[in-house]
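# Descriptive structure summary
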Amino acid sequence: MSLYDDAVLVLKGYEDQPELRDLYLEHLAAHPDGMYKPCRAGHITGSALVIDPAGGRVLLTLHKKLGIWLQMGGHCEPEDTTLAGAALREAVEESGIASGLTLLPGGPVRLDRHPIPAPCNWHLDVQYAALAPAGAVAEISEESLDLRWFPYEEVAAAADTSVVRLMEATRARL
C-alpha cells in the first residue's frame, strides 16, 4: 500500500471533524501528489504531540522558521509508508528521544489546516499523540530554536490554540 493509499484509509476512518476530514479527502482526490511538499495547492503533513502523562507535561519545539511553540511534525518523505509512521518519525527526529516513543492508540487525535507561505498554500496536518517513556530526555534538533517540556497548565500561555486543542483532545483520549 502506498503512503497516499494509507492516508486516504486513515482519513476515511477518522470520525471526528467530518467537514475538515472531507476537505482533506477532496484535496487528495484532486491532487495525487498532495502528500508531498512540492504540491503547490497544499499537502498533507504528519505531526505528533509528545506527551508524558506520568509527568503531566508535553514537549514542544520552538519552530525555527515560525518562532512559535508547536508539536513535533512536518512533511512526509518518500521513504514513509504510513501517515502514522511519518508522524512518529518526525516526533523522534525533532524530540531527540531515540527510543520508547509510541503513538497513542486509536489513530489521529485531530486535524488542523493552516496557511503557509508561498509557493504552497496549505498544510493539511494529521495530528497524532506520542507517549514518552517516564523520564524521557529530549535533545534539541537542527530544526528547532529550543525544545522544552511544559506542564499541561502552561501550554495555553506558550502555544497557539491549535496546540492547546491537540493537547486537550489527547488528554481526553488518555
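Here's what I pulled together on the structure shown here. (Residues numbered from 1 in each chain as written. Predicted model: local features only at pLDDT ≥ 70, side-chain atom pairs only at ≥ 80, totals over all residues. Heavy atoms only, no water.)

With that settled, the discussion passes to the overall build of the chain. When helices and strands are counted, the chain shows 5 helices and 8 strands. Listed by position from the N terminus, the elements making up the chain come as α-α-β-β-β-β-α-β-β-β-β-α-α. C-alpha atoms of the chain, sized along the principal axes, occupy 45 × 30 × 30 Å. For the chain, restricting intrachain contacts to residue pairs at least 6 apart in sequence, the fraction spanning at least 24 positions comes to 66%. Surface accessibility of the chain: about 8500 Å² in total, with carbon and sulfur atoms responsible for 55%. One finds the centroid of the 14 positive side-chain charges in the chain at a distance of 3 Å from the centroid of its 25 negative side-chain charges. (Helix = DSSP H or I, 4+ residues; strand = E, 2+ residues; numbered from the N terminus. Contact = heavy atoms within 4.5 Å. Areas by Shrake-Rupley, 256 points an atom, 1.4 Å probe, with all protein chains shown as cover. Lys, Arg positive; Asp, Glu negative; His and termini not counted. Charge placed at Lys NZ, Arg CZ, Asp CG, Glu CD.)

Our focus in this paragraph is the side chain of Ser47. Looking at where Ser47 falls in the secondary structure, it is placed in strand 1 (residues 43-52). Of note is the side chain of Ser47, whose polar atom sits 3.1 Å from the side chain of Gln71. Within polar-contact distance, the side chain of Ser47 engages the side chain of Asp125 at 2.7 Å. (Polar contact = N/O pair within 3.5 Å; in protein donor to acceptor, adjacent residues only side chain to side chain.)

Burial of strand 2 (residues 57-63) is extensive: 5 of the 7 residues sit out of reach of the surface. Both strand 1 and strand 2 contribute to a ladder of 3 bridges, which runs antiparallel. The residue bridging Ile51 from the neighbouring strand is Val58, located in strand 2. Joining the antiparallel neighbours strand 1 and strand 2 is a turn of 4 residues, in which Gly56 adopts a positive phi near 60°. (Buried < 20%, exposed > 50% of the residue type's maximum accessible area, 1.4 Å probe, protein only. Pairing = 2+ DSSP bridges.)

In this section: the pattern of salt bridges. The tally for this structure, following the rule as stated, stands at 6 salt bridges. The shortest N-O distance in the salt bridge between Arg57 and Asp52 comes to 2.7 Å. Given the relative accessible area of 4%, Asp52 is considered buried. With a shortest N-O distance of 3.3 Å, Arg89 and Glu93 are connected by a salt bridge. With Arg89 and Glu93 both in helix 3 (residues 83-95) and 4 residues apart, the pair spans about one turn of that helix. Assessed through its relative accessible area of 16%, Arg89 is described here as buried. Several salt bridges converge on common partners, so that one network encompasses Asp80, Arg89, Glu90 and Glu93. (Salt bridge = Lys/Arg side-chain N within 4 Å of Asp/Glu carboxyl O.)

So, about the nonpolar core. Within soluble globular proteins, side chains that are nonpolar generally end up buried alongside one another. Counting residues in hydrophobic clusters, the biggest one holds 30 residues, and the most contacted among them are Met35, Ile44, Val50, Leu83, Ile97 and Val126. Sorting the residues of this core by element identifies helix 1 (3-13), helix 2 (18-30), strand 1, helix 3, strand 7 (122-131) and strand 8 (144-151) as the ones contributing at least two each. Leu83 has contacts with Leu3, Asp6, Ala7, Met35, Ile44, Thr45, Cys76, Val126 and Tyr128, leaving out every residue within four places of it along the chain. Grouped together as the second largest cluster of nonpolar side chains are 18 residues, Val163, Val164, Leu166 and Met167 included. (Core = buried A, V, L, I, M, F, W, Y, C linked by side-chain atoms within 4.5 Å.)

Attention now goes to the environment of Arg173. With respect to the secondary-structure elements, Arg173 resides in helix 5 (residues 161-173). With relative accessibility at 30%, the residue Arg173 sits in the partly exposed group. Distance from Arg173 to Ala129, taken between C-alpha atoms, is 9.8 Å for residues 44 residues apart in sequence. Not counting chain neighbours up to four residues away, the residues in contact with Arg173 comprise Leu104, Pro105, Gly106, Gly107, Pro108 and Val109.

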